[in-house]
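# Geometric and topological summary
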Amino acid sequence: MKRIMNIASLLLMAAVVSVSCEKDDTDMDAGFYIMADKNVIQSNGEDFATFTALLDGKDVTAETTFYLKDGKDIKPVSGNRLTASSAGKYEVIGAYGTFYTEDPVAVSAIDMPVPAAVEDPAASNTSFVHRAFLNQYTGTGCGYCPGMIRALRAAFEDEETADMAVLAAVHSFAAGDPAYISGPRSNSYPYLHIDMVSGFTYDMDPFGEGKVLKTALQERTSVPAKVGISANPVYQDDVLVVTVEVKAAQTGEYNLGVWFMQDNVYGQQKDEIGIVAGDKSFEYHDNCVRSADSRYLNSYAGYPLGEIKAGKTAQRTFVLNIDKTEWKLKDMNNIHFAAFVTAKNGKAYEVVNVIDCPYNEPTPYEYR
């Protein structure tokens, strides 16, 4: 049944529908986990990443055994350092007594230079453009998802609405989708998550011509941006390396993630509500998330950058290995990525800014 949802409904829906990329108020120091001092190293057999193991905040590195995970096989790492003589993604897990890490820590080895951060000609400026991050939980096998697709298309025909947001389509409904990704997930499809804190279900705003979404975006982006984001990508031999820098307008603890996306992915769309009706445009899907590189301690809200003082910066490098055959990728111009920053808001984390970046050009800070 179609519904018109107002802002009160929007806020209520955020409490009803859960999405796996939220973090709760759990103490980040609780439990057993491992960390790496670097997530990118050179594949020269000399550069290395050093691992630390913590149990309830206590350093137990000396008593922890670290293992390199390769599919179902594991082999011990020498001490707590990882080196690599060939390029690739390496996953490490840790074991301490009866404790072990459920999620591996990934380190990428590359045979190309790490790009420097984008030069900032206005280092003292901290007045940034603020955009919202829209996560569209969808799938080609989802019969009600065309309603959300239609509503988003209508909303983004308004240039002001489109300029206030970055859209990422998470095809995690079911395997078999040509753009399927196993995570993050929602317990309701379709669902539109706004900055990881609120959202819409079904077709969102069937008779409002995008006004409800526009109002929600205006509320999110009218407040000053807490951070600015820049990104510098380098592409070589099907490997995309990106250095993202975050500059704080307000002192705070921040997390950073990158979701790599592909446009123009072909896949027939299931339709149980009579919207598609031979419209071939529904068979081509944009902003499909191919890699959600933001998973940390069972959450997709980003990797910790620690505290960043106002006016200061922090960086992280991300690596994407592109499988052109599996993705049926013929045009690299269909690849772009969203770099987003989250911060604590009550019991969860919210996105405080986001940028959309081409794969082959620097994206500098965007000042107001």
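Residues numbered from 1 in each chain as written. Predicted model: local features only at pLDDT ≥ 70, side-chain atom pairs only at ≥ 80, totals over all residues. Heavy atoms only, no water.

### What about the pairing of strand β6 (residues 73–76)?
In the sheet, strand β5 (residues 65–70) pairs with β6 via four bridges, with the strands oriented antiparallel. By the bridge assignment, L68 is partnered in β6 with K75. In sequence, β5 turns back onto β6 through a hairpin of two residues, with G71 there showing a positive phi of about 65°. (Pairing = 2+ DSSP bridges. Helix = DSSP H or I, 4+ residues; strand = E, 2+ residues; numbered from the N terminus.)

### With respect to the environment of G143
Structurally, the position occupied by G143 is in the loop between β11 (132–138) and α2 (145–156). Measuring from C-alpha to C-alpha, the distance between G143 and G274 comes to 9.4 Å, with 131 residues separating the pair along the chain. Residue contacts for G143: discarding those within four places in its chain leaves K270, D271, E272 and I273. (Contact = heavy atoms within 4.5 Å.)

### Digging into the sheet that holds strand β15 (residues 227–236)
On the basis of which strands lie adjacent, the open sheet formed by three strands has the order β15-β16-β22 and antiparallel pairing. Where the open sheet ends on each side, the last strands, each with one partner, are β15 and β22 (313–321). Direction aside, the axes of adjacent strands within the sheet are offset by 15° on average. Looking at chain direction, β15 and strand β16 (residues 239–248) are connected through ten bridges and run antiparallel. Its bridge partner lying in β16, V227 is registered against A248. (Axes fitted to C-alpha atoms, helices over the stretch in contact; angles between N-to-C directions.)

### Remarks on the nonpolar core
Core analysis: the largest hydrophobic core is formed by 34 residues, its most contacted members being L240, V244, Y254, F260 and V341. Taken together, the elements giving at least two residues each to this core come down to β15, β16, β17 (252–262), β21 (303–308), β22, β23 (335–345) and β24 (348–358). Sequence-distant contacts of V244, defined by excluding residues within four places in its chain, comprise I229, S230, A231, L256, V258, A314, Q315, R316, F318 and A339. Among the nonpolar cores identified, the runner-up in size contains 22 residues, and C145, I181, Y191 and Y300 belong to it. (Core = buried A, V, L, I, M, F, W, Y, C linked by side-chain atoms within 4.5 Å. Buried < 20%, exposed > 50% of the residue type's maximum accessible area, 1.4 Å probe, protein only.)

### Let's talk about the pattern of salt bridges
Counted by the stated rule, this structure contains 13 salt bridges. For K324, the salt bridge identified is with D238, shortest N-O distance 3.3 Å. Note that K324 is positioned in helix α5 (residues 324–327) and D238 in the loop between β15 and β16, a separation of 86 residues in sequence. The exposure class assigned to K324 is partly exposed, which follows from its relative accessible area of 31%. For D238, a relative accessible area of 29% puts it in the partly exposed group. E272 is the salt-bridge partner of K270, the closest N and O atoms lying 3.3 Å from each other. Residue E272 is classed as partly exposed on the basis of its relative accessible area, which comes to 44%. Three or more residues are tied together by salt bridges with common partners; here these are R131, D163 and E366. (Salt bridge = Lys/Arg side-chain N within 4 Å of Asp/Glu carboxyl O.)

### Observations regarding the environment of A343
Here A343 shows up in strand β23. Judged by its relative accessible area of 5%, A343 is buried. Sequence-wise, A343 and N353 are ten residues apart; in three dimensions their C-alpha atoms are separated by 9.7 Å. Discounting chain neighbours no more than four positions away, the residues touching A343 are E253, Y254, A348, Y349, E350 and V352.

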